[in-house]
Amino acid sequence: MESIWTDYLIQNHETKKVFNLFTQLGEEVINDHIAFRTFNDPRVCIDVLAKPFVAAGYVSKGEYHFEAKRLYAKHYELEGDAHAPRIFISELKLEEMSSFLRETVMDILNQASEEDLGHHLLVNKGRIWAKPSFKVYEKLRMESEYASWLYVYGFRANHFTVSINALKNYPSIEAVNQLLKDKGFLLNSSGGEIKGSPEELLEQSSTLAGNLAIEFEEAVYDIPSCFYEFARRYKDNNGQLYGGFIAKSADKIFESTDFYQK
Ligand code: NI
């Protein structure tokens, strides 16, 4: 978890600023979940990336379908540890994509070494193929922002999520969002700043991914990197805190790394 967090901070300097803001305000930052992205190729699919978590005792708790984005996802929980972050892993359904996208993914996965593909922490290996081409990135992006992000960044945390329930002085998602905006952070407003509702037992918001200078084959370009999410969970009728995810909210959260929202 430490190495995943450290690598994630390198990708997004704004996240560190938000984290520091909360700690300076005397808050303890607890992670609600950590999200990862991958392709459904059997070498790198959800079940492969989930291995270190499953080995540590994590159990699969829910599955989700995002039809428009061609994604399937699962979430895992560490039973008996309420403070352990949930792990959310999504995968792009390659069979539903264009032949250009499928061939590009085959090409980059074929470049990866057996050692990297078999590594127990593949989930945090980053890009295990050659330097990306900006032309290919642009073409992928037109079809799937998700695929273009993966092509450049590889396997690493796409976002960490602050548990609002664990904050002492910011009990509502509105209060968290206001604090962030007052400090000059940009929020993802796709589908409204707040995704979900108390009735759905989960409210989420997120920063827009900051830009990072990436060395492409052609030149260095600034492109969106990772983002920070905020989640507030509610108790169900049985008094149990809701632990799952809402597909239509997560669908909008995925757009936090979109290019044209800036
Ligand atoms: Ni999330």
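Details of the structure are given in the entry above.
Residues numbered from 1 in each chain as written. Predicted model: local features only at pLDDT ≥ 70, side-chain atom pairs only at ≥ 80, totals over all residues. Heavy atoms only, no water.

Run through the overall build of the protein chain, naming residues and quoting values.
When its secondary structure is counted, the protein chain shows 10 helices and 10 strands. The C-alpha radius of gyration of the protein chain comes to 18 Å, within 12% of the 18 Å expected for a compact globule of 262 residues. For the protein chain, buried positions account for 55% of its 262 residues. Of all intrachain contacts in the protein chain linking residues separated by at least 6 positions in sequence, the fraction that spans at least 24 positions is 67%. As displayed, the protein chain has an accessible area near 11,700 Å², and 50% of this comes from carbon and sulfur atoms. Taken as two groups, the 29 positive and 39 negative side-chain charges of the protein chain have centres that lie 2 Å from each other. (Helix = DSSP H or I, 4+ residues; strand = E, 2+ residues; numbered from the N terminus. Rg over C-alpha atoms; globule rule 2.2 N^0.38 Å. Buried < 20%, exposed > 50% of the residue type's maximum accessible area, 1.4 Å probe, protein only. Contact = heavy atoms within 4.5 Å. Areas by Shrake-Rupley, 256 points an atom, 1.4 Å probe, with all protein chains shown as cover. Lys, Arg positive; Asp, Glu negative; His and termini not counted. Charge placed at Lys NZ, Arg CZ, Asp CG, Glu CD.)

Any chance you could break down the nonpolar core for me, citing the residues and the numbers?
By size, the foremost hydrophobic cluster in this structure holds 76 residues, and its most contacted members are Phe36, Phe39, Leu92, Phe155, Tyr228 and Phe230. Residues contacting phenylalanine 39, with those up to four places away along its chain left out, are Val44, Cys45, Glu91, Leu92, Leu94, Val105, Ile108, Ala147 and Leu150. (Core = buried A, V, L, I, M, F, W, Y, C linked by side-chain atoms within 4.5 Å.)

Tell me about the coordination of the nickel ion, and please be specific about residues and values.
When four donors bind a metal tetrahedrally, each ideal donor-metal-donor angle is 109.5 degrees, and when six bind octahedrally, the ideal angles are 90 or 180 degrees. At 2.0 to 2.2 Å from the nickel ion lie its protein donor atoms, namely His33 (NE2), His159 (NE2) and Glu229 (OE). When the donors of the nickel ion are listed by position in the chain, the intervening gaps give H-x125-H-x69-E. Remark: glutamate 229 occurs in strand S10 (residues 227–233) and histidine 33 occurs in strand S1 (residues 31–39); sequence separation between them is 196 residues. The exposure class of histidine 33 is buried, given its relative accessible area of 2%. (Donors = N, O, S within 2.8 Å, 3.2 Å for Na, K, Ca; no water.)

Before we move on, can you summarise the pattern of salt bridges with the specific residues and values?
By the definition in use, this model includes 14 salt bridges. The shortest N-O distance in the salt bridge between arginine 233 and aspartate 32 comes to 2.6 Å. Note that arginine 233 is positioned in strand S10 and aspartate 32 in strand S1, a separation of 201 residues in sequence. With respect to class, arginine 233 is no different from aspartate 32; both count as buried. Measuring nitrogen to oxygen at the nearest pair gives 3.9 Å for the salt bridge that ties glutamate 145 to arginine 141. Given the relative accessible area of 18%, glutamate 145 is considered buried. Residue classification places arginine 141 among the buried positions, given a relative accessible area of 6%. (Salt bridge = Lys/Arg side-chain N within 4 Å of Asp/Glu carboxyl O.)

So what's going on with the packing of aromatic side chains? Which residues, and what values?
According to the stated counting rule, one finds 23 aromatic pairs in the structure shown. Ring centres of phenylalanine 134 and tyrosine 137 lie 5.8 Å apart, and the angle between their planes is 35°; this geometry places the pair in the tilted category. Here tyrosine 137 and phenylalanine 134 lie together in helix H7 (residues 134–143), a separation of three residues that amounts to about one turn. Neither phenylalanine 134 nor tyrosine 137 differs from the other in exposure class; each is buried. (Phe/Tyr/Trp six-rings, centres within 6.5 Å; stacked < 30°, edge-to-face > 60°.)

Can you lay out the side chain of histidine 33 for me, pointing to particular residues and giving the numbers?
A polar contact is formed between the side chain of histidine 33 and the side chain of histidine 159, at a distance of 3.5 Å. In contact with histidine 33, not counting residues within four places along its chain, are Pro85, Arg86, Phe88, His159, Phe160, Thr161, Gln204, Glu229, Arg233 and Phe245. (Polar contact = N/O pair within 3.5 Å; in protein donor to acceptor, adjacent residues only side chain to side chain.)

Can you break down the sheet that holds strand S6 (residues 195–197) residue by residue, with the values?
With respect to topology, eight strands assemble into an open sheet ordered S2-S3-S4-S1-S5-S10-S7-S6, the strand pairing being mixed. Because the sheet does not close on itself, it has two edges, and the strands there are strand S2 (58–66) and S6. Between one strand axis and the next, the sheet turns through 25° on average, direction left out of account. In this structure, strand S5 (residues 157–163) lies alongside S10, joined through five bridges in parallel fashion. In the strand pairing of S10, phenylalanine 160 is matched with tyrosine 228. Sheet strands touched by helix H1 (residues 2–11): S1, S5 and S10. Its angle to S5, the strand with the most contacts, is close to 105°. Sitting on the sheet, helix H8 (residues 145–153) is in contact with S1, strand S3 (71–78), strand S4 (86–92) and S5, with an inclination near 90° to S1. (Pairing = 2+ DSSP bridges. Axes fitted to C-alpha atoms, helices over the stretch in contact; angles between N-to-C directions.)

Got a sec to walk through the packing of H1 against helix H2 (residues 13–24)? Specific residues and values, please.
A pair of packed helices is characterised by two quantities: the angle between their axes and the separation of those axes. One can describe the packing of H1 onto H2 by two numbers: an axis separation of 5 Å at closest approach and a directional angle of 115°. It follows from the interaxial angle that H1 and H2 lie roughly perpendicular. Residues Trp5, Tyr8, Leu9, Ile10 and Gln11 of H1 form the contact with H2, whose participating residues are His13, Thr15, Lys16 and Phe19. Counted by class, the contact of H1 with H2 contains five nonpolar, three polar and one charged residues. (Parallel < 35°, antiparallel > 145°, perpendicular 65-115°, else oblique. Nonpolar A, V, L, I, M, F, W, Y, C, P; charged D, E, K, R; others polar.)

Lay out the environment of aspartate 222 in plain terms, naming residues and giving numbers.
With respect to the secondary-structure elements, aspartate 222 resides in strand S9 (residues 220–224). On the basis of relative accessibility, which here comes to 48%, the residue aspartate 222 falls in the partly exposed class. Aspartate 222 sits 40 residues away from aspartate 182 along the chain, and the two C-alpha atoms are 25 Å apart. Beyond its immediate stretch of four places on either side in the chain, aspartate 222 contacts Asn211, Leu212, Ala213 and Phe259.

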